[in-house]
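# Fold and contact review
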Amino acid sequence: MIGAAGCSSDSEPESAAAGGEKALDKVTYLTAFGAVGRDAFAFVAQEKGYFKEAGIDVTIQLGAATGENLKGLASGQAQFAQLDLIGAWILAGKGEYKDFRTIAAIHQQTLVSIVALDGSGISAPKDLEGKKLGAATGSVNQLLFPGYAKLAGIDATKIQWVNAQPAQLPALLAGGQVQALSTFLIGVKGIEKAAGGKKTVVLPYSKYLGDLYGNGLITTAKIAKENPELAKRFRDAALKGLQYTIDHPDEAAQILKKAQPAADVTAAVGEITLMKPYVTSGSGLGVMEQERVARAIATLQASELIPAGLTPDSVVDFSLTPKA
């Protein structure tokens, strides 16, 4: 889903032209996963002029899975992205991607969950054994599942995965092609709509995997080191858009729809409403605590998702994260 960037192939953003009024810094930003409610805040920040006020001209492109967004940053296609932090840290711990730094949390707790339809016979993690489980290709849902399965008492070898694009997942569940999804809990309104209004059963990963953050904002290690003021300006404008979005979900959904006509307004409002407590549950919007990041990494190591060696400072730049 990642297209050609709005910047040059170099990973540094374009800056001011000589003479006259200072030009805006031009950067490309990747959404977390297409254009759904959790991504609306970036479009709000653009529509409301928050990025421009911060001296930044932002090209918003639709992101894909965690690994794809990291690849977009590594290749210089983008300078900022939203993605699931735990998925990114798992890949970093495995040595697959290292040249990025987290600059803010969007969700203070992981939103990854198992979602099944009411009456499917799935009401507890053990019920997943022998079932088909749908998930977005290359997403954090599959990266994190082995740790969840181990702690929840699931035999992961008895799960059959069905990979699909995010937009196809609700239809797979509604049509009975899978018995459950591993997806974000804030997407349940869209899933229920696709299932003709049928209610869902949600089993959050967070019940067994504590201290894990959800989505966050990242930039390249180079920008974090060499242009921290740009990173801070982008962070603040994006978080201003996030605050407006959770305060005005209906308007934010309409702004998303204006920018991305294929977006589902009802589902977007549902996502924004459901994610609000996960955005505001910490000690401040976007705030990240070093001790908690260390605990999250320890959880990943104890779950055998990553080997020892990953440190908080290798994935988060605490000089750039908001302070409580």
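So, here's what we can say about the structure. Model, not experiment: these values are computed from the prediction.

## Section: the pattern of salt bridges
For the structure shown, the criterion picks out twelve salt bridges. Here E304 and K150 are joined by a salt bridge, their closest N and O atoms 3.6 Å apart. Remark: K150 occurs in helix α5 (residues 140-152) and E304 occurs in the loop between α12 (290-302) and α13 (312-315); sequence separation between them is 154 residues. Given the relative accessible area of 46%, K150 is considered partly exposed. Ionic pairing is found between D264 and K193, a salt bridge with its closest N-O pair at 3.0 Å. In this pair, D264 is assigned in the loop between α10 (249-259) and α11 (265-280) and K193 in helix α7 (residues 188-194), connecting sequence segments 71 residues apart. Take D264: its relative accessible area is 32%, and that puts it in the partly exposed class.

## Things to note about the side chain of N141
Assignment of secondary structure puts N141 in helix α5. On the basis of relative accessible area, N141 is assigned to the buried category, the value being 6%. Once residues within four sequence positions are removed from consideration, N141 is found in contact with V112, A135, W161, S182, T183, F184 and Y205.

## Structural notes on the sheet that holds strand β7 (residues 160-164)
As summarised here, the arrangement of the five strands in space is β7-β6-β8-β5-β9, forming an open sheet in which the pairing is mixed. Pairing within the sheet leaves two strands with one partner each, and these edge strands are β7 and β9 (200-204). Going across the sheet, the axis of each strand differs from the next one's by a mean of 30°, ignoring polarity. Strand direction decides the pairing type here: strand β6 (residues 132-136) and β7, joined by five bridges, are parallel.

## Some remarks on the packing of aromatic side chains
Counting across every chain of the model gives nine aromatic pairs. Pairwise contacts between aromatic rings join F145, Y148, W161, Y205 and Y208 into one cluster. Here the guanidinium or amino end of R292 rests over the ring plane of Y213, the centre of that ring lying 3.9 Å away.

## A look at the packing of helix α9 (residues 228-247) against α11
The N-to-C vectors of α9 and α11 enclose an angle of 130°; their axes lie 9 Å apart at closest approach. Regarding the angle of α9 to α11, the classification is oblique. Seen from above, α9 lies across α11 with left-handed handedness. Contacts between α9 and α11 pair L242, T245, I246 and D247 from the former with I272, M275, K276, V279 and T280 from the latter.

Cut-offs used in this document
Residues numbered from 1 in each chain as written. Predicted model: local features only at pLDDT ≥ 70, side-chain atom pairs only at ≥ 80, totals over all residues. Heavy atoms only, no water. Salt bridge = Lys/Arg side-chain N within 4 Å of Asp/Glu carboxyl O. Helix = DSSP H or I, 4+ residues; strand = E, 2+ residues; numbered from the N terminus. Buried < 20%, exposed > 50% of the residue type's maximum accessible area, 1.4 Å probe, protein only. Contact = heavy atoms within 4.5 Å. Pairing = 2+ DSSP bridges. Axes fitted to C-alpha atoms, helices over the stretch in contact; angles between N-to-C directions. Phe/Tyr/Trp six-rings, centres within 6.5 Å; stacked < 30°, edge-to-face > 60°. Lys NZ or Arg CZ within 6 Å of the ring centre and 35° of its normal. Parallel < 35°, antiparallel > 145°, perpendicular 65-115°, else oblique. Left-handed = near helix turned anticlockwise from the far one by under 90°.

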